[in-house]
Amino acid sequence: MFNNPKTPSRHRSRSEAKTPLTPSIISGLNNISLASSPTKRTSRPGAPTKSKSSTGPFDTTNPFIAPLPKSRPSSPVKRITSSGIPNSDSFQRQAGGGVIRKGGVESRLDVVTRDYVPPPKPEVKRSKSTPAVNRAGADKRDRFITNREATDIAAVSATMEQMSLNPQNSSPGHTARLAAVTGMPMNRRILGYHEQPPSASSSDTTLAQQREFARPLYAQRPGAIATSTGAVSNKTRKIPTQPERVLDAPGMVDDFYLNLLSWSCQNAVAVALEASTYIWKADTGAVVQLGECPEGSYVSSVDFSGDGAFLGVGVGNGDVELWDVETGQKLRTMSGHQAQVATLSWNQHILSSGCGDGSIWHHDVRVPRHKVMELLGHTGEVCGLKWRADGELLASGGNDNVVNIWDGRLGDVNEGARGSAKWTKRNHTAAVKAIAWCPWQPSLLASGGGTNDATINVWNSTTGARLHTLRTPSQITSIQWAPHKKEILTTHGYPTNSIMIHAYPSMERVAEIRDAHDSRVLFSCIGPAGDVVCTGAGDENLKFWRIWEVASETTTKKKTLGVGDELGGGRSNSTKEGILSIR
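- Per an unreviewed UniProt entry, the protein carries the name CDC20/Fizzy WD40 domain-containing protein and comes from Psilocybe cyanescens.
- On record in UniProt, under Sequence similarities (unreviewed entry), the comment for the protein is "Belongs to the WD repeat CDC20/Fizzy family."

## Comments concerning the overall build of the protein
Thinking step 1. Summing up its helical and strand segments, the protein has eight helices and 34 strands in all.
Thinking step 2. Looking at the 583 residues of the protein, the share that counts as buried comes to 39%.
Thinking step 3. The contacts in the protein between residues at least 6 apart in sequence include a share of 50% that link residues at least 24 apart.
Thinking step 4. For the protein, the exposed surface amounts to about 36,000 Å²; the carbon and sulfur share of it is 52%.

## Quick notes on the UniProt feature "repeat: WD" (unreviewed entry) in the protein
Thinking step 1. Taken from the UniProt record, the annotation "repeat: WD" (unreviewed entry) applies to residues 299–333 and 375–407.
Thinking step 2. Taken end to end, residues 299–333 has its terminal C-alpha atoms 13 Å apart, with 0% of it in helix and 63% in strand.
Thinking step 3. Taken end to end, residues 375–407 is 0% helix and 58% strand, and its two terminal C-alpha atoms sit 10 Å from one another.

## Regarding the environment of Lys 281
Thinking step 1. Looking at the element boundaries, Lys 281 is found in strand E6 (residues 276–281).
Thinking step 2. The class of Lys 281 is partly exposed, set by a relative accessible area of 33%.
Thinking step 3. Every residue in contact with Lys 281, bar those within four places of it in the chain, is listed here: Asn 267, Ala 268 and Ala 286.

## Observations concerning the sheet that holds strand E7 (residues 287–292)
Thinking step 1. Spatial ordering of the open sheet is given by E4-E5-E6-E7, a layout of four strands whose pairing is antiparallel. The two strands at the open ends of the sheet, each matched to only one other strand, are strand E4 (261–263) and E7. Averaged over all pairs of adjacent strands, the angle between their axes in this sheet comes to 20 degrees, without regard to strand direction.
Thinking step 2. For E6 and E7, the ladder comprises five bridges, and the chain directions are antiparallel.

## Details of the nonpolar core
Thinking step 1. Ranked by size, the top nonpolar core spans 35 residues in total, and within it Met 252, Leu 261, Ile 279, Leu 311, Leu 542 and Phe 544 carry the most contacts.
Thinking step 2. At six residues, strand E5 (residues 268–273) tops the list of elements feeding residues into this core.
Thinking step 3. Leave out the neighbours within four places in its chain, and Ile 279 touches Ala 268, Val 269, Ala 270, Ala 286, Val 287, Val 288, Leu 290, Phe 304, Leu 311 and Val 325.
Thinking step 4. Grouped together as the second largest cluster of nonpolar side chains are 16 residues, Ala 482, Ala 516, Val 521 and Val 533 included.

## Section: the packing of aromatic side chains
Thinking step 1. As enumerated under the stated definition, the model contains six aromatic pairs in all.
Thinking step 2. Ring geometry for Trp 263 and Phe 544: centres 5.6 Å apart, planes at 85 degrees, overall edge-to-face. Note that Trp 263 is positioned in strand E4 and Phe 544 in strand E31 (residues 541–546), a separation of 281 residues in sequence.
Thinking step 3. The exposure class of Trp 263 is buried, given its relative accessible area of 9%.
Thinking step 4. Given a relative accessible area of 0%, Phe 544 falls into the buried group.
Thinking step 5. Above the plane of the ring of Trp 361 lies Lys 371, whose end atom (NZ or CZ) is 3.8 Å from the centre.

## Comments concerning the environment of Ser 301
Thinking step 1. The topology assignment puts Ser 301 in strand E8 (residues 299–304).
Thinking step 2. Ser 301 sits in the buried class, given a relative accessible area of 0%.
Thinking step 3. Each C-alpha atom, one on Ser 301 and one on Ser 262, is 9.2 Å from the other, the two residues being 39 residues apart in sequence.
Thinking step 4. What Ser 301 contacts, discounting residues up to four positions off in sequence, is Asn 259, Leu 260, Gly 312, Val 313, Gly 314, Val 341, Ala 342, Thr 343 and Leu 344.

## What to know about the pattern of salt bridges
Thinking step 1. Taken as a whole, this structure holds 10 salt bridges when the rule is applied.
Thinking step 2. The partner of Asp 364 in a salt bridge is Arg 366, and the shortest N-O contact between them spans 3.1 Å.
Thinking step 3. On the accessibility criterion, Arg 366 (58% relative accessible area) is exposed.
Thinking step 4. Overlapping salt bridges bring together Glu 244, Asp 531 and Arg 546 as one network.

## Overview of the pairing of strand E12 (residues 341–347)
Thinking step 1. With respect to burial, E12 is a largely interior element, seven of its seven residues being buried.
Thinking step 2. Pairing geometry for E12 and strand E13 (residues 350–355), over six bridges, is antiparallel. Paired with Trp 346 across the strands is Leu 351, a residue of E13.
Thinking step 3. Hairpin connection between E12 and E13: a loop of two residues separates the two successive antiparallel strands, and Gln 348 in this loop has a positive phi of roughly 55 degrees.

## Side note on the sheet that holds E8
Thinking step 1. Ordered in space as E8-E9-E10-E11, the four strands form an open sheet in which the pairing is antiparallel. Single-partner strands in this sheet number two, and they are E8 and strand E11 (329–334). In this sheet, neighbouring strand axes are inclined to one another by 20 degrees on average, regardless of whether the strands run parallel or antiparallel.
Thinking step 2. With five bridges connecting them, strand E9 (residues 310–315) and strand E10 (residues 320–324) associate as antiparallel partners. Residue pairing in the sheet places Val 313 in a bridge with Glu 321 of E10.

## Examining the side chain of His 517
Thinking step 1. Following the sequence through the fold, His 517 ends up in the loop between strand E28 (509–513) and strand E29 (521–526).
Thinking step 2. According to the relative accessible area criterion, His 517 is buried, its value standing at 1%.
Thinking step 3. Side-chain polar atoms of His 517 contact the side chain of Thr 535, separated by 2.8 Å.
Thinking step 4. When neighbours within four sequence positions are excluded, His 517 is seen to be in contact with Asn 497, Thr 535, Gly 536, Ala 537, Asp 539, Asn 541 and Lys 543.

Scoring rules and cut-offs
Residues numbered from 1 in each chain as written. Predicted model: local features only at pLDDT ≥ 70, side-chain atom pairs only at ≥ 80, totals over all residues. Heavy atoms only, no water. UniProt positions renumbered as here; feature names shortened; annotations may be inferred. Helix = DSSP H or I, 4+ residues; strand = E, 2+ residues; numbered from the N terminus. Buried < 20%, exposed > 50% of the residue type's maximum accessible area, 1.4 Å probe, protein only. Contact = heavy atoms within 4.5 Å. Areas by Shrake-Rupley, 256 points an atom, 1.4 Å probe, with all protein chains shown as cover. Pairing = 2+ DSSP bridges. Axes fitted to C-alpha atoms, helices over the stretch in contact; angles between N-to-C directions. Core = buried A, V, L, I, M, F, W, Y, C linked by side-chain atoms within 4.5 Å. Phe/Tyr/Trp six-rings, centres within 6.5 Å; stacked < 30°, edge-to-face > 60°. Lys NZ or Arg CZ within 6 Å of the ring centre and 35° of its normal. Salt bridge = Lys/Arg side-chain N within 4 Å of Asp/Glu carboxyl O. Polar contact = N/O pair within 3.5 Å; in protein donor to acceptor, adjacent residues only side chain to side chain.

Right under this line is the structure:
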């Protein structure tokens, strides 16, 4: 495809065939001393170039070097070597396989097949700290806990003397005296590591069971306040956490639905213990037994009349008994209910009873045919019943979680008369036993629910509206309004067994007396003076708590009484004088 150009005349003088080296030539080469090439003269442009004739032997006798053409440009200055190339075996091998021309040596050199790899640099190692345990002959002492077992007391004393600010006043035995006074031995370490105590045996499960049973007693109860000894509402008022008096009440029935405690305006406390009813007079401390219910039955409720002269007693067989407090005689027995009478409430001469079948009867104690009206509004047992002070409204709570407010006006009463509820409230989710009317605002009604509800609701009986709701940590067994303060008192069951006081209308907790009884606090009533609350529980104790302060006139009167001052209108002997028994 391509036409090779004609070889220039300056290259034709070179022999195309290579002449092999003969021994005579090799011996001649051995005698050759390669010198530096002479520097060629640079000719001017356009001027003829004259070559300098060489006088060296290789210019005339070496047949491998061709004469330089006159038309060739001047070559650059070649590197001048200081000495000749030494003749060695490797050089002879190169000369034997190569061609010598142009006054130099051209040989077949080995091709470099590996790249240049620089030698590895020595790695700079960083100094590392060596643990003391790995050091040979290291110090075995603890840097925090000194080893005083091998310490000389005299040396330590001398060291402390040098550190003293006033070494002149210190003595060599000062350190020893300090150690003796403080009970700190100088030759024994203060802190030391010991083995863990042995674990409890897994085979003995008695201790584990006891701890499991006691765990709820130490657990943080829901909704409980930070202190366990009550609370101070302000700087001038403190709620005492210890009762002023404790009465022994053996045989008190531990039943949530019953109402076994009542306090009359004549300062007498009625309490039912199994089949018997007792009256404890706070003025004198005397105990009177009214009587016993029929054999095989029990007392399920008690309540004093408004003047304190009569006591109504509900019996488990459905009877309602009327007793004269002064003479201790039973006046009459009003029968008709088919189940236990768990609650009673008086309104002048009308005694209302709540039955286990859900019915409420009005008994007129003045007439032979005592039943004058029946109220049907509950499907469960009626366990809470309270007349308002003016007698216009009656509130009831039952095991059907319902609160009913009834119109108290009877009208033309007869045996077959039926009444209907003015308001029916179904906001509670458990049995409603705690029912109380407010003494200083008659339209307010407070109710409290059982275990699954544990909620306080305040109702407006005029409009039927629910004004306030407060959730408590445990079931509400009774509720009381403070007669002289805007506060509400509630008693609670498991797990708190407490007495709580709430401000109204903020519903903030003023105080809490935890574990007021050893079991759930089931019953409560307020003394006629409005300052002392009596509580009863399944632990068979009656406790009297001074919760509120009375008016200034009453306080002045009590101060004049001296030692014989009254407890809720009677004597207020403290628990230090012993536990009184109702027998």
